[in-house]
Amino acid sequence: MWREKVAQYEDQMIEDLKGLLAIESVRDDSLMSKETPVGPGPREALEYMYRIAERDGFKAVDIDHVAGRIEMGKGDDLFGILCHVDVVPAGSGWDTEPFEPVVTEDRVIARGTLDDKGPTIAAYYAVKILNDMGVDFKKRIHMIIGTDEESGWMCTDRYFQTEEMPDLGIAPDADFPLIHGEKGITTFDIIQTSSPEGETPEVELKALNAGARYNMVPDFAEAKLVVREKMDYIIQSFENFLTEHHLTGQSSVDNGSLLLQVEGKSVHGMDPSIGVNAGLHLVHFLNTLDLDAKAAKFVELGDTYLFESHFGEKLGMAYETEEMGRLTTNIGVISYTDVDGGHYGINLRYPTGFDFNQQIADFTERIKADFDIDVNTHQVPHYVDKNDPFVQKLLTAYRNQTGDMTEPYTIGGGTYARNLEKGVAFGAMFKDSVDLMHQKNEYITKKQLFDATAIYLEAIHAVCVEE
């Protein structure tokens with residue numbers, strides 16, 4: 001029944017999704033203002049959702065242009081649907097233009113199709129279809145839309161300062177069947193504080209840069225060196241290094257400076273082990289050279305504590321639980337200049353039971369001679385009992401639509417569900433979905449989009465209409 005209802009809306013869903021995908025809603029700090037708190041792109045995407053809502057007869061409420069909601073349903077209790085319309089940067093290597101959506105026979109290709117614009121449209125249409133059916137809602141529904149999920153969560157932080165907290169809710173920004181627990185997530189910087197002097201070295205590191213987001217594995221890294229002797233030897237060593245590590249890269253000489261570039265593979269920071277960190281590989285190579293004292297300290301720390309240590313082993317923070325799995329560390333941003341020194345930007349995700357504050361204090365003590373640690377964000381782990389009746393209603397809807405009896409589970413990713421005491425991540429990725437979140441050529445299949453909408457339809461009906 002529910003899938004047939006969705007079929008009547010397929011063309012309109014694709015058109016609305018295309019319009020949202022065409023907006024380059026990447027956070028841009030250089031264009032932040034009161035009118036565009038995280039840049040003009042995310043604000044434009046937020047306004048787009050308001051226009052759709054008002055077209056369909058719903059009320060939209062804006063909160064300082066950084067978040068907002070679409071109001072639906074009626075009743076005393078409040079059900080939340082927490083989505084986001086910002087996306088990570090497109091990156092390189094796409095076969096199509098990432099912000100010019102391409103619709104083929106079976107899929108839609110663009111940045112944000114999976115994370116999180118496709119699922120946002122699916123959840124929106126689930127409530128729209130129920131509303132068009134004239135059902136008797138027993139709960140109010142707030143579809144809460146954020147614009148800074150991929151960076152600092154400024155959106156939901158601001159929203160929940162003044163707005164009503166839903167009694168329960170979903171975040172359609174992960175996987176089916178259902179995610180009832182999420183690891184603690186923190187971002188912190190290891191910042192170089194010392195400027196050691198030494199003898200004139202063979203090689204001086206002028207600059208090193210890799211990565212733009214803490215929660216993405218850097219797929220490109222570049223270093224600029226001044227080489228006083230053995231230039232040919234260093235270039236040959238670099239070529240050998242690339243071959244040995246099965247990497248793509250190149251070297252070039254520009255105005256007497258040697259430029260080294262390494263390409264890696266970008267993936268989501270929740271499982272950096274399946275990516276290739278271009279920045280740390282370049283650090284690993286630089287640590288073999290006779291560098292100036294400041295640079296030598298910087299690359300030595302990265303090589304000693306961070307390179308090929310995806311689970312905190314070298315930091316002394318390895319930790320694992322049966323229900324939530326292993327602690328992970330993604331080194332998403334690496335930068336260095338000969339003037340300012342350098343920093344490593346780290347995204348660490350940990351299970352319940354890990355004492356982050358104590359562990360970070362212990363590590364700070366170990367490196368305090370030359371480095372300091374600055375914790376930027378910290379969200380503690382989130383957990384909802386999978387046997388809770390609310391969770392079981394959602395699970396039943398999924399199972400009715402798919403026949404799949406897989407149990408709910410926990411993840412290392414962070415979704416808006418953790419904003420709510422009783423919030424869970426619910427779709428929209430299926431077992432057979434190709435996970436291209438944060439990767440090039442991101443797409444959602446039409447089947448995935450429409451099947452997810454049918455699941456949301458049945459689930460929201462069970463939670464918000466049936467009593």
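Keep in mind that what you see is a predicted model, and the values were worked out from it rather than measured.

### Remarks on the overall build of the protein
Next, step 1: Secondary structure summary: the protein contains 11 helices and 24 strands in total.
Next, step 2: For 467 residues, the compact-globule estimate of 2.2 N^0.38 gives 23 Å, and the protein sits close to it at 24 Å.
Next, step 3: For the protein, with 467 residues in total, the buried portion stands at 58%.
Next, step 4: Pairs at least 24 residues apart make up 77% of the contacts formed inside the protein by residues separated by at least 6 positions.
Next, step 5: Of the accessible surface of the protein, which amounts to about 18,900 Å², a share of 45% is contributed by carbon and sulfur atoms.

### Considering the pairing of strand S11 (residues 203-210)
Next, step 1: Two strands pair when backbone bridges link them, and S11 and strand S12 (residues 220-227) are joined in this way by seven bridges, in the antiparallel orientation. In the strand pairing of S12, Ala207 is matched with Lys224.
Next, step 2: Pairing between S11 and strand S17 (residues 328-337): four bridges, direction antiparallel. Residue Asn209 lies in a different strand from S17, and its bridge partner there is Ser335.

### Things to note about the packing of aromatic side chains
Next, step 1: Applying the stated criterion across every chain yields a total of 20 aromatic pairs.
Next, step 2: The interplanar angle of 55 degrees and the centroid separation of 5.6 Å between the aromatic rings of Tyr319 and Phe354 together place this pair among those described as tilted. With Tyr319 in the loop between helix H8 (293-305) and strand S15 (320-321) and Phe354 in the loop between strand S18 (341-350) and helix H9 (356-367), this pair connects stretches of sequence that are 35 residues apart.
Next, step 3: For Tyr319, a relative accessible area of 29% translates into the label partly exposed.
Next, step 4: One aromatic cluster is present, built from ring pairs that chain together Phe176, Tyr398, Phe426, Phe430 and Tyr456.
Next, step 5: Here the basic side chain of Arg107 rests over the ring of Tyr443, its NZ or CZ set 4.0 Å away from the ring centre.
Next, step 6: The positively charged end of Arg326 is found above the aromatic ring belonging to Phe311, 3.6 Å away from the centroid.

### Points about the sheet that holds strand S13 (residues 248-254)
Next, step 1: The antiparallel open sheet is built from eight strands, whose spatial order is S13-S14-S12-S11-S17-S18-S10-S19. In the strand order of this sheet, the two ends are held by S13 and strand S19 (371-379), each with one partner. With direction set aside, neighbouring strand axes in the sheet form an average angle of 20 degrees.
Next, step 2: Against the sheet, helix H6 (residues 231-244) engages S11, S12, S13 and strand S14 (257-263), with an angle of about 165 degrees to S13.
Next, step 3: Running over the sheet, helix H7 (residues 278-286) touches S11, S12, S14, S17 and S18 and is turned about 25 degrees from S12.

### Details of helix H3 (residues 40-55)
Think of an α-helix as 3.6 residues a turn; residues three or four steps apart then line up on the same face.
Next, step 1: Between its terminal C-alpha atoms H3 stretches 22 Å, which fits the 22 Å expected from 16 residues at 1.5 Å a residue.
Next, step 2: Buried residues of H3: Gly41, Pro42, Arg43, Ala45, Leu46, Tyr48, Met49, Tyr50, Ile52 and Ala53, and no others.
Next, step 3: Buried positions along H3 lie against helix H2 (10-21), strand S1 (59-63), strand S2 (67-73), helix H4 (113-133) and strand S6 (140-146).
Next, step 4: The positive-phi residue at the C-terminal boundary of H3 is Gly57, with phi of around 90 degrees.

### What about the side chain of Lys128?
Next, step 1: Mapped onto the fold, Lys128 is located in helix H4.
Next, step 2: Not counting chain neighbours up to four residues away, the residues in contact with Lys128 comprise Tyr9, Gln12, Asp56 and Phe58.

### A word on unusual backbone geometry
Next, step 1: Between Asp115 and the following residue, Asp116, the backbone shows a cis peptide bond with an omega angle of 5 degrees.
Next, step 2: Inspection of the secondary structure puts Asp116 in helix H4.
Next, step 3: One non-glycine residue with positive phi stands out, namely Lys230, at about 60 degrees.
Next, step 4: Residue placement: Lys230 occurs in the loop between S12 and H6.

### Topic: the environment of Val339
Next, step 1: Topologically, Val339 is positioned in the loop between S17 and S18.
Next, step 2: Judged by relative accessible area, which is 65%, Val339 ranks as exposed.

### Remarks on the nonpolar core
If you look at soluble globular proteins, the nonpolar side chains tend to sit buried side by side.
Next, step 1: Counting 79 residues, the largest nonpolar core has Met49, Phe79, Ile81, Tyr124, Phe426, Tyr456 and Ile460 as its most contacted members.
Next, step 2: Ranked by the residues each element gives to this core, the list is headed by helix H11 (residues 446-464), at 11 residues.
Next, step 3: Apart from the residues within four sequence positions on either side, Ile460 is in contact with Phe79, Ile81, Ala126, Val127, Leu130, Ile141 and Val465.

Procedures and definitions
Here, residues in each chain are numbered from 1, in the same order as that chain's written sequence. Local features are withheld for residues below a pLDDT of 70 in this predicted model, meaning they are given only at 70 or higher, and side-chain atom pairs are given and counted only at 80 or more; totals for whole chains, interfaces and linings count all residues. As a convention, hydrogens and water are excluded, and side-chain values are obtained from all of the structure's heavy atoms. Every helix listed is a DSSP run of H or I at least four residues long, and every strand listed is a run of E at least two residues long, numbered separately from the N terminus. Atoms considered for the radius of gyration are the C-alpha atoms alone. The globule rule reads 2.2 Å times the number of residues to the power 0.38. When a residue's accessible area, from a 1.4 Å probe over protein chains only, is under 20% of the maximum for its type it is buried; when over 50% it is exposed; and in between it is partly exposed. The contact definition used throughout considers only heavy atoms, calling two residues in contact when any of these lie within 4.5 Å. Computed with the Shrake-Rupley method and a 1.4 Å probe, the accessible areas treat only the protein chains shown as cover for residues. Whether two strands pair comes down to DSSP finding at least two bridges between them. Only Phe, Tyr and Trp rings take part, Trp by its six-membered ring, and two of them pair if their centres are within 6.5 Å. Stacked means planes under 30 degrees apart, edge-to-face means over 60, and tilted covers everything else. In this scheme, Lys NZ or Arg CZ marks a charge over a ring once it lies within 6 Å of the ring centre and within 35 degrees of the ring normal. A fitted line through C-alpha atoms represents every axis, and for helices the fit uses only the stretch in contact; the resulting angles, taken between N-to-C directions, go from 0 to 180 degrees. By this rule the span expected of a helix is its residue count minus one, scaled by 1.5 Å. Residues belong to one nonpolar core when they are buried, are Ala, Val, Leu, Ile, Met, Phe, Trp, Tyr or Cys, and are joined through side-chain atoms within 4.5 Å.

By themselves, these figures tell us nothing about what the structure is for.
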